[in-house]
Amino acid sequence: GKSPFSVICEDRILEDSDKIKVLICPHIFEEDSYHCSWQLFNNYFSWMVTLGELSERTEYEWYIKKHPSGAWRDDIIIDEFLKRYVRIKEIPKLVSAKQLREEGLQFALTVCGTIGHEYAALGIQVINAGDNPHIAYGFNWNPKTRKQYIDLILNLHKLDKKINMNEI
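First, a word on what this report is: a plain description of the structure on this page. (Residues numbered from 1 in each chain as written. Predicted model: local features only at pLDDT ≥ 70, side-chain atom pairs only at ≥ 80, totals over all residues. Heavy atoms only, no water.)

When we look at a pair of aromatic rings, we describe it by the centre distance and by the angle of the planes. This structure, assessed with the given rule, holds 4 aromatic pairs. Taking 6.1 Å as the distance between ring centres and 40 degrees as the angle between the ring planes, the aromatic pair formed by Tyr 60 and Trp 62 counts as tilted. Each member of the pair Tyr 60 and Trp 62 is classed as buried. Between Tyr 137 and Phe 139, the aromatic rings sit 5.7 Å apart at their centres with planes inclined by 20 degrees, giving stacked as the arrangement. (Phe/Tyr/Trp six-rings, centres within 6.5 Å; stacked < 30°, edge-to-face > 60°. Buried < 20%, exposed > 50% of the residue type's maximum accessible area, 1.4 Å probe, protein only.)

Dropping the structure here:
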C-alpha cells in the first residue's frame, strides 16, 4: 500500500482561509476500541456523533479522512455521518499529512490512533479521546473527561501545544 506520508494530491485539499482547520481521523469501526484500556466515549460512533454536534456549534473548517485500512462498513457509516453533519467535508484518505500541514491543518482528532505521533511530528496538534500509546508524553492533548475534551475543542483558538520532537 501507499504511505499516507508520500501521496501528494495535485489540487489543494483544504479551503484557503484563515479559519481553524480540524481533521477527524476515525478508527476502523470493526476494531472498536479493543486496543484502548479506556475511552471518554462508549464507542467510536458516539465519539463521532459528539464531534458532529460540535461541528454545528463552531466556525471551524471540519474535515474527515477515512482510515486507509477501513472496510466497506466504515464507508457506509461515514457516508451516513456526512449526510447528517453537512459542515464536515470528506477528504481523500491517502492525502499526505505533510500536504495537509502545508495547507494549514492545525488540529487532528482521534480516540487513540497512531496520528498521535505521526501528525504531532509534523507540528499538528492532536487531541485524543482515550488511552493511547503515547499518553505518557506531552506532545498530544489528553483530556481526562468528556467535559475537558469538549472544552478543548470549543476553545481551539486558545490551544498552543509546544511539541517536543525529542519525545516523539
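What follows is about the nonpolar core. One finds Trp 47, Leu 51, Trp 62, Leu 109, Tyr 149 and Ile 153 to be the most contacted residues of the largest nonpolar core, which totals 30 residues. Elements represented by at least two residues in this core include exactly strand 1 (21–24), helix 1 (44–57), strand 2 (61–65), helix 2 (72–84), strand 4 (107–110) and helix 5 (146–154). Per-element accounting of this core gives the leading share, 5 residues, to helix 1. Non-local contacts of Leu 109, meaning those with residues more than four positions away in its chain, are made with Val 22, Leu 23, Ile 24, Cys 25, Trp 47, Leu 51, Trp 62, Ile 115, Ile 127, Tyr 149 and Ile 153. Ranked by size, the runner-up nonpolar core spans 14 residues in total, among them Leu 23, Ile 115, Ile 124 and Val 126. (Core = buried A, V, L, I, M, F, W, Y, C linked by side-chain atoms within 4.5 Å. Helix = DSSP H or I, 4+ residues; strand = E, 2+ residues; numbered from the N terminus. Contact = heavy atoms within 4.5 Å.)

Topologically, Ser 37 is positioned in the loop between strand 1 and helix 1. A C-alpha to C-alpha distance of 7.9 Å links Ser 37 and Gly 130, two positions 93 residues apart in sequence.

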